[in-house]
Amino acid sequence: MAVSISTSVVLFQPDDLFDDKTKGTIAAFLAGYGGATLRSYTTDLRIFAEWCVSNRIAVLEAKRAHIEIFGREMESAGKMRSTIARRLSTIAGFFKYCHDEGLLDRNPAANVRPPKVDHESRTLGLDRNELGGLLVQAGLGTPREYAFLSLRQP
């Protein structure tokens, strides 16, 4: 006598969510990137995949509503809008890749709207251009002023 188990009662296990197809698809998507972009995209997809696991959603079966909820939960957790926008952009790029490669019939992230991002950075410190301007001004000053501003810590 054969025994069948209803899939409606079986809970997903993390290994179920990260089958070889999902792992291979993520690896193939990331293969097109390098350096800082690769690190950022890897982190963004890992965070989304962990969220999917904690919510018992297979990554490749995520729907638009899941991605929207993921974004709202990041907002509730106090993440910066720029971080949320970047993560949602990474997820959108991943699902566009899956759709373009014929792995998904529809791109669930196609119409996900990222939060509006302030044009003014909240990052503390000088950007590359500001630092350059500061060093130019220091160079116009006394040698002591230039030396002080030009010192680097190892």
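Everything discussed here concerns the structure shown above.
Residues numbered from 1 in each chain as written. Predicted model: local features only at pLDDT ≥ 70, side-chain atom pairs only at ≥ 80, totals over all residues. Heavy atoms only, no water.

**Student:** Teacher, can you tell me more about the overall build of the protein chain here?
**Tutor:** The helix and strand inventory of the protein chain stands at 7 helices and 0 strands. For the protein chain, with 154 residues in total, the buried portion stands at 27%. Pairs at least 24 residues apart make up 58% of the contacts formed inside the protein chain by residues separated by at least 6 positions. Within the structure as shown, the protein chain displays about 11300 Å² of accessible surface, and the carbon and sulfur contribution to it stands at 54%. (Helix = DSSP H or I, 4+ residues; strand = E, 2+ residues; numbered from the N terminus. Buried < 20%, exposed > 50% of the residue type's maximum accessible area, 1.4 Å probe, protein only. Contact = heavy atoms within 4.5 Å. Areas by Shrake-Rupley, 256 points an atom, 1.4 Å probe, with all protein chains shown as cover.)

**Student:** So what exactly am I meant to see when it comes to the packing of aromatic side chains here?
**Tutor:** For any pair of aromatic rings, geometry is given as the distance between the ring centres together with the angle between the planes. Counted under the stated rule, the structure contains 10 aromatic pairs. Here Phe29 and Tyr33 contribute two aromatic rings whose centre-to-centre distance is 5.4 Å and whose plane-to-plane angle is 55°, an arrangement assigned as tilted. With a centroid separation of 5.5 Å and 65° between ring planes, the pair formed by Trp51 and Phe70 is classed as edge-to-face. In this pair, Trp51 sits in helix α3 (residues 35-54) while Phe70 sits in helix α4 (residues 64-76), placing the two residues 19 residues apart along the sequence. With respect to class, Trp51 is no different from Phe70; both count as buried. Members of the aromatic cluster, connected to one another through ring pairs, are Phe29, Tyr33, Tyr41, Phe48, Trp51, Phe70, Phe94, Phe95 and Tyr97. (Phe/Tyr/Trp six-rings, centres within 6.5 Å; stacked < 30°, edge-to-face > 60°.)

**Student:** Is there a simple way to think about unusual backbone geometry in this case?
**Tutor:** Negative phi characterises most residues that are not glycine, and trans characterises most peptide bonds. Unusually for a residue other than glycine, Arg56 sits at a positive phi of about 55°. Considering the arrangement of structural elements, one finds Arg56 in the loop between α3 and α4. With a relative accessible area of 46%, Arg56 lands in the partly exposed category.

**Student:** Looking at this structure, how should I read α4?
**Tutor:** Three- or four-residue spacings in an α-helix give side chains the same orientation, since the helix completes a turn every 3.6 residues. Across its 13 residues, α4 extends 18 Å between first and last C-alpha, which sits within 8% of the 18 Å expected from 1.5 Å per residue. Every buried residue of α4 is accounted for by Ile67, Glu68, Phe70, Gly71 and Met74. For α4, the buried positions fall inside an angular range of 155° around the axis, keeping them on one side. Those residues of α4 hidden inside the fold are in contact with α3 and α5 (81-100). Positive backbone phi, approximately 85°, marks Gly78, located one or two places after α4. (Expected span 1.5 Å × (residues − 1). Arc of directions from axis to C-beta.)

**Student:** Which parts of the structure should I look at to understand the packing of α4 against α5?
**Tutor:** Helix packing geometry: the angle between the two helix axes and the distance between the axes. Where α4 meets α5, the axes come as close as 10 Å, and the angle between the chain directions of the two elements is 160°. Considered as vectors, α4 and α5 are oriented roughly antiparallel to each other. Our pair here, α4 against α5, has a crossing hand that is right-handed. In this structure, α4 uses Ile67, Phe70, Gly71, Met74 and Glu75 to contact α5, whose residues at the interface are Ile84, Arg87, Leu88, Ile91 and Phe95. Grouping the amino acids of the contact of α4 with α5 by side-chain chemistry returns 7 nonpolar, 1 polar and 2 charged. (Axes fitted to C-alpha atoms, helices over the stretch in contact; angles between N-to-C directions. Parallel < 35°, antiparallel > 145°, perpendicular 65-115°, else oblique. Left-handed = near helix turned anticlockwise from the far one by under 90°. Nonpolar A, V, L, I, M, F, W, Y, C, P; charged D, E, K, R; others polar.)

**Student:** I keep staring at the side chain of Arg87 and nothing clicks. Help me out?
**Tutor:** The topology assignment puts Arg87 in helix α5. Taking the relative accessible area as the measure of exposure, Arg87 reaches 10% and is therefore buried. Beyond its immediate sequence surroundings of up to four residues, Arg87 is in contact with Asp44, Ile47, Met74 and Lys79.

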